[in-house]
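# Examining the three-dimensional arrangement
Read off the chains here:
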Amino acid sequence: MECRYACGTQEHSVHRRSFLGGMLGGFGAAALTGATLGNQALAGQLQSQQKRILVFFLAGGVSQLETWDPKPGTDTGGPFRAIPTAVPGTHISELLPYSAQQMQRLSLVRSINTRENSHSKGRYAMEHGRKEEAASKYPHLGSLSARVLTPEASPLPGYIQITPKGKGAGKDDAAYLGVKYNSMVLADGAPPADIARPADLALEADERRNAFRRAASERFLSRRRTAATEAYTYSYDQAARLMARQEVFDVTKEPAKDQDRYGGHDFGRHCLLARRLLEHDVSYVQVTHTNYDTHHENFDFHIEQLGEFDRPFATLIGDLDERGLLDSTLVVVMSEFGRTPKINSRYGRDHWGTAWSVALSGAGIQRGAVIGKTNENGTKVADREVDHGNLFHTYLQAVGVDSTASIDVDGREMPLADPSSAPIGELLA
């Protein structure tokens, strides 16, 4: 169901130039900035870990009242019931029956106040852990994860986005880390473009060609090594590694029964691809599910969107646990903000960064926990208010990274997370 967005902001349009720029930045470029971890102890700690992060980004702003924090029977609650879950005493919306059965593996934060109602600024805050600033750019959580969690010899990119029809392509995700850590975007879950060797190019001829290129590059690098020449060399090396591992991106390699369990729609296929990437040790995977900007017909749209989201998401959580991956994989379900408790004249809910929720699972997160609460009708946080900075610290700590540490970037210490903030300690196992 395509939502005709009522807010009319430019974030809901994708320009060809920005899309292509995001694709090229993640795949082809690799200008190195000289960023190094600030101390050897931290470097050893990070390189020894095999942790992963999986983020579901519900683009547009999913309603907390129709998901994780229902308020039935109130003036703001809407028409849906709250249902019991696998955790006694914890109820969520009836639109998430399969997720309710997985609640013993999930935790909720119901007390988020980012004080941000702009799509772009809200998304930036949630994905970067800091407010957007004109003079400073910070790494996306995916870029930072690729930097600190991905082994140097990994054959696959550390940060992969799976987006519907190319929407949400990253642009300069890595900031001062260098574009080596930008995202690779799999538009509609398709493999990277031109990943297969042309049929009319023999393997032996291709190997001779690449051997000549490597020899020429090494001779040039011995005389003049710059960020641009490093980027050139890295782009070819990454392409070669991807070509050798192209089967990783093919979900048809999965058993037919698994493809059926995840569903025949795009989002189900994207979830199955995410599982496949995590099993091949990609450090950060982000899956986008869209059309949540429900300024009108909020309830109809949430019936459809969450009906598509619920079962594949719950199936993936169960699969990760059964396959022994959930203990090492942090899972986060986030948006740029929530929706207003007040229902507008178009039966919609508007932008609301004041009191909303996210769900988490896996890695170092307490299971079955509920952190914070909102008041009776959801208009404000009533207990344990947190924001994007607290969440960002928590994500890093949950995968074993000291969020108070720094990265040395050309002699300047850059904190991994906002030093004025702190993790949600009671959410961590």
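Keep in mind that this is a model prediction, so the values were computed, not measured.

Definitions and limits used
- Residues numbered from 1 in each chain as written.
- Predicted model: local features only at pLDDT ≥ 70, side-chain atom pairs only at ≥ 80, totals over all residues.
- Heavy atoms only, no water.
- Buried < 20%, exposed > 50% of the residue type's maximum accessible area, 1.4 Å probe, protein only.
- Helix = DSSP H or I, 4+ residues; strand = E, 2+ residues; numbered from the N terminus.
- Pairing = 2+ DSSP bridges.
- Axes fitted to C-alpha atoms, helices over the stretch in contact; angles between N-to-C directions.
- Parallel < 35°, antiparallel > 145°, perpendicular 65-115°, else oblique.
- Left-handed = near helix turned anticlockwise from the far one by under 90°.
- Contact = heavy atoms within 4.5 Å.
- Nonpolar A, V, L, I, M, F, W, Y, C, P; charged D, E, K, R; others polar.
- Polar contact = N/O pair within 3.5 Å; in protein donor to acceptor, adjacent residues only side chain to side chain.
- Phe/Tyr/Trp six-rings, centres within 6.5 Å; stacked < 30°, edge-to-face > 60°.
- Lys NZ or Arg CZ within 6 Å of the ring centre and 35° of its normal.
- Salt bridge = Lys/Arg side-chain N within 4 Å of Asp/Glu carboxyl O.

In strand S16 (residues 406–409), alternate side chains face the same way, and those of Ser406 and Asp408 on one face and Ile407 and Val409 on the other are all buried. Direction of pairing for S16 relative to strand S17 (residues 412–415): antiparallel, over a ladder of four bridges. Bridged to Asp408 within S17 is Glu413. Counted between consecutive antiparallel strands, the loop separating S16 from S17 contains two residues, among which Asp410 sits at a positive phi close to 50°.

A packed helix pair is summarised by two numbers, namely the angle formed by the two axes and the spacing between the axes. The geometry of helix H9 (residues 266–279) relative to helix H10 (residues 298–322) is characterised by a closest axis approach of 9 Å and an angle of 20° between their N-to-C directions. Viewed along their axes, H9 and H10 adopt a mutual orientation that is roughly parallel. Considering only the axes of H9 and H10, their crossing is right-handed. Listed contacts from H10 to Phe267, Gly268, Cys271, Arg275 and Leu278 of H9 are Glu308, Phe309, Pro312, Phe313, Leu316, Asp319 and Leu320. Of the residues belonging to the contact of H9 with H10, the class tally is eight nonpolar, one polar and three charged.

Within the secondary structure, Thr374 is located in strand S14 (residues 373–374). Here Thr374 falls in the buried class, since its relative accessible area comes to 8%. A polar side-chain atom of Thr374 sits 2.7 Å from a polar atom in the side chain of Asp69. Only 3.0 Å separates the side chain of Thr374 from the side chain of Lys71, close enough to count as a polar contact.

This model, assessed by the stated rule, comprises seven aromatic pairs. Judged by centre distance (6.1 Å) and plane angle (90°), the rings of Phe56 and Phe309 are edge-to-face. In this pair, Phe56 is assigned in strand S2 (residues 52–58) and Phe309 in helix H10, connecting sequence segments 253 residues apart. In this pair, the class of Phe56 matches that of Phe309, namely buried. Its guanidinium or amino end placed over the ring of Phe57, Arg123 lies 3.9 Å from that ring's centre, counting from NZ or CZ. A cation over an aromatic ring shows up here: Arg130 above the ring of Tyr138, its NZ or CZ 4.3 Å from the ring centre.

Before going further, it helps to examine helix H5 (residues 141–149). One turn of the α-helix equals 3.6 residues, which is why residues spaced by three or four share an orientation. Judged by how many residues are buried, H5 sits mostly within the fold: nine of nine residues are covered. For H5, the set of buried residues is Leu141, Gly142, Ser143, Leu144, Ser145, Ala146, Arg147, Val148 and Leu149.

Turning to the sheet that holds S2, a few remarks are in order. An order of S7-S6-S8-S2-S9-S12-S5-S13 is seen for the eight strands of this open sheet, with the pairing classed as mixed. Where the open sheet ends on each side, the last strands, each with one partner, are strand S7 (184–187) and strand S13 (370–371). Across six bridges, S2 lies against strand S8 (residues 284–289) in parallel orientation. Note that in S8 the partner of Phe57 across the bridge is Thr288. Packing of H10 onto the sheet brings it into contact with S2, strand S5 (106–112), S8, strand S9 (329–334) and strand S12 (356–361), and relative to S2 it is tilted by some 170°.

Looking now at the pattern of salt bridges. Counted by the stated rule, this structure contains 24 salt bridges. Connected through salt bridges with shared partners, the residues Glu254, Asp258, Arg261, Arg275, Arg276, Glu279, Asp319 and Arg323 form a single ionic network.

Once that is clear, we can look at unusual backbone geometry. In this structure, Asn291 is a non-glycine residue whose phi angle is positive, near 80°. Along the polypeptide, Asn291 turns up in the loop between S8 and H10. In this structure, Tyr347 takes a positive phi of about 60° despite not being glycine. Structurally, Tyr347 can be placed in the loop between strand S10 (338–339) and strand S11 (351–352).

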